[in-house]
Each structure stands twice: as C-alpha cells, then as structure tokens.
Amino acid sequence: VNIARMVDRSHPIVLVTVSRHMPRARALFEAQGLRVIPSASAYDLQQSPGYWRWWLPSRLALRMSEMLVYERLARVNAWLRGHYRPAAAGDPQS
C-alpha cells in the first residue's frame, strides 16, 4: 500500500508499531518521503514475566523464532528491492 498518496505530506505522521518492526517500518515510510514520528508500542517481550521460558522448546518459543526470522528476512527483502537503506550505526532509526 502506498501510504504516501493517502496522507498530507505537510505534516509528520505518527507511526505506531511494536519495537521490533519500527526500524523497517520507519525506513519504508521515510523512503516514500514521509516525515515520521516513531512511537513504538509499550509491548516488550523481554519485560514479560517468565520470558526466560521462551528459550525452552515449546510452541511459543517456535513462534517467537518465526517472528524474528520473518522480520529479518522482510528487512533484507525491502533492501534488495531498493525500498530503503538499513540504518547506520548510531542512527536514531535503528
């Protein structure tokens, strides 16, 4: 979806997503010429009680691994298609 055609570019937009998606989402929005105010949701997996259990074999651990692999592959895919450049070290979008 080309969000840039749907919004007023004279104002920044607030981009809300989970923190693990923010670098890719922000880069993709900025690549369309949008000014973004990142607002990562407060949901943080490592803050959840008992998160250490996710390292043990389980369906939940497999799902978490799947989400991590998906996000990394989605970033590579967007980069290969020329949709954005990965953030440099120290860049606030990383």
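You'll find the structure just up there.
Trainee: In this structure, what is going on with the overall build of the chain? I would like to understand it.
Mentor: Looking only at helices and strands, the chain features two helices and two strands. Shown N-terminal to C-terminal, the secondary structure of the chain runs as helices and strands in the order β-α-β-α. Within the chain, the fraction of its 94 residues that count as buried is 27%. Of the contacts formed within the chain by residues at least 6 apart in sequence, a portion of 50% connects residues at least 24 apart. Split by element, the accessible area of the chain, about 7100 Å² in all, is 60% carbon and sulfur.

Trainee: Help me understand the pairing of strand S1 (residues 13-17) in this model?
Mentor: Here is the key point about a regular strand: its side chains alternate between the two faces of the sheet. Side chains of S1 alternate between two faces, with Ile 13, Leu 15 and Thr 17 buried and Val 14 and Val 16 left unburied. Taken together, the five bridges between S1 and strand S2 (residues 36-40) define a ladder with parallel strand orientation. Counted as the bridge partner of Leu 15 is Pro 38 from S2. In this fold, S1 hands off to helix H1 (residues 22-31), which returns the chain to S2; that crossover is right-handed.

Trainee: Explanation requested: the environment of Val 36 in the structure shown.
Mentor: Looking at where Val 36 falls in the secondary structure, it is placed in strand S2. Put simply, Val 36 and Pro 12 are 24 residues apart on the chain and 5.4 Å apart in space, counted from C-alpha to C-alpha. Discounting chain neighbours no more than four positions away, the residues touching Val 36 are Ile 13, Leu 15, Arg 26, Phe 29 and Glu 30.

About the criteria used
Every residue gets a number counted from 1 within its own chain, in the order that chain's sequence is written. For this predicted model, a pLDDT threshold of at least 70 governs which residues receive local features, and a threshold of 80 or more governs which side-chain atom pairs are given and counted, while totals over whole chains, interfaces and linings are taken from all residues. With hydrogens and water stripped out, all remaining heavy atoms of the structure feed into the side-chain values. Helical segments are the DSSP runs of H or I of at least four residues, strand segments are the runs of E of at least two, and each set is numbered from the N terminus. Type-normalised accessible area, obtained with a 1.4 Å probe on protein chains alone, sets the label of each residue: buried when under 20%, exposed when over 50%, and partly exposed for intermediate values. Note on contacts: a residue pair is in contact if any heavy atoms of the two residues lie within 4.5 Å. Accessible surface area values rest on a Shrake-Rupley calculation with a 1.4 Å probe, where residue burial reflects the displayed protein chains alone. The pairing criterion for strands is at least two bridges between them, as found by DSSP. Seen with its strands pointing away from the viewer, a crossover is right-handed when the path leading from the first strand over the helix to the second is clockwise.

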